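Report on the structure
If you want the building blocks of each chain, they are given just below.
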Amino acid sequence: MATRYFEDVKIGDTAEFGSKTLSREEIIAFAKKYDPQPFHIDEEAAKSSIYGDIIASGWHTAAVTMRMMVDNMIDTKASLGSPGVDNLRWHKPVRPGDTLRVRTEVIDKKRSRSRPNMGTIFGKLEVINQQDEVVMSFNSIGMTLARTNKPE
Amino acid sequence: MTKRYFEDFSVGDVEEFGCHVPSEEEIIEFATEFDPQPFHIDPDAAKDHFFGGIIASGWHTGSMLMRMIVDHQIGNSASMGSPGIDELRWISPVRPEENLKAKSEVLEVTPHKYKSDRGFVKFRHTVLTAEGEIKMTMISSILFGCKPVAEGV
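First things first, this report covers the structure right here in the doc. Values in this document were obtained by computation on a predicted structure and should not be read as measured data.

Cut-offs used in this document
Residues numbered from 1 in each chain as written. Chains lettered and ligands numbered in written order. Predicted model: local features only at pLDDT ≥ 70, side-chain atom pairs only at ≥ 80, totals over all residues. Heavy atoms only, no water. Helix = DSSP H or I, 4+ residues; strand = E, 2+ residues; numbered from the N terminus. Buried < 20%, exposed > 50% of the residue type's maximum accessible area, 1.4 Å probe, protein only. Lys, Arg positive; Asp, Glu negative; His and termini not counted. Charge placed at Lys NZ, Arg CZ, Asp CG, Glu CD. Contact = heavy atoms within 4.5 Å. Buried area = accessible area lost by both parts, 1.4 Å probe. Salt bridge = Lys/Arg side-chain N within 4 Å of Asp/Glu carboxyl O. Polar contact = N/O pair within 3.5 Å; in protein donor to acceptor, adjacent residues only side chain to side chain. Nonpolar A, V, L, I, M, F, W, Y, C, P; charged D, E, K, R; others polar. Pairing = 2+ DSSP bridges.

Moving on, we come to the overall build of chain A. Along chain A, the regular secondary structure elements total 4 helices and 5 strands. Beginning at the N terminus, the succession of helices and strands in chain A can be written as β-α-α-α-α-β-β-β-β. C-alpha atoms of chain A, sized along the principal axes, occupy 60 × 25 × 25 Å. Taken across its 152 residues, chain A has 45% of its residues classed as buried. Placing the 22 positive and 21 negative side-chain charges of chain A at their respective mean positions leaves the two points 7 Å apart.

Following this line, the structure appears as structure tokens:
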């Protein structure tokens, strides 16, 4: 596959990709390491929580989302990482057995003035479950290499 | 530590807590599963890349911060989870063997609009090194239950 540079990304581009089912064991294993709150790791305690059963750590949902992006969207030959994300929202709990996929749209792009061989891509990202409910969304900011130094 | 409720947080409260030193092995292990870009998982490729060496996935740094928050700030609390994060920023790369800690400042406390037994606390959480270099910041909201009304007093 040809490397996807800054110039190749167009405002309005959309994509939908990935399929990741989160097992109960995976949810508990991640949360034991990074987010050991009772409603993520303790099935008994989770029953009496507002969620009624264990739910995935939001960081786990974000991490599996990143994996789907790396596998399907981010060109690792051109990607220069990200300075951050905005408006991250966990809209609905992710429960054991849920299957997630990602939907993205390119909102804007800006070539760097100080380093014209790179640019920033601004996107809107949604994570959707098997019932087509949005479980998480955020605005993404990705830095990427340009093919040339010349503005299009 | 006594259990913390919504009422126990006040605007302006500052806390510093936690200590985590991620090994190269831990950084590569997280990224191999969740963020397999060369500068997170391949020490040789990372040397010649933008960052000049292995750096932690930003989601790993966020997850490390979450662990420090659970261990030291909300582990024994009436936390009910979080609706989300604003302005998550990876300020500088996290490299293996850096000594990380967390800082939190309470920005807002807002009772729930409809449910009188809970409220939102908005924090600025920061990951920084022992030397004070800022690695990551985020504005995070956490929903806490209120203190139960005392019975039989």
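Next comes the rest of the account.
With that settled, the discussion passes to the interface of chain A and chain B. Contacts between chain A and chain B engage 35 residues on the former and 39 residues on the latter. Between chain A and chain B, the buried area comes to about 3,200 Å², and carbon and sulfur atoms account for 60% of it. When the buried surface of chain A facing chain B is broken down by residue, Y34(A), W59(A) and W90(A) rank first, second and third, together holding 23% of it. In this assembly, chain A and chain B are joined by 3 salt bridges. Notably, a salt bridge pairs D86(B) with R89(A), separated by 2.7 Å at the nearest N-O pair. Applying the counting rule to chain A against chain B returns 19 residue pairs in polar contact (both at pLDDT 80 or more). Contributions of two or more residues to the side of chain A that touches chain B are made by α1 (24-34), α4 (58-72), β2 (84-90) and β5 (134-145) of chain A. Among the elements that take part in the side of chain A that touches chain B, α4(A) stands out by supplying 8 residues, more than any other. Within the side of chain A that touches chain B, the residues separate by chemical class into 20 nonpolar, 8 polar and 7 charged. Two strands pair when backbone bridges link them, and β2(A) and strand β2 (residues 84-90) of chain B are joined in this way by 4 bridges, in the antiparallel orientation. Within β2(B), the position partnered with G84(A) by the bridge is R89(B).

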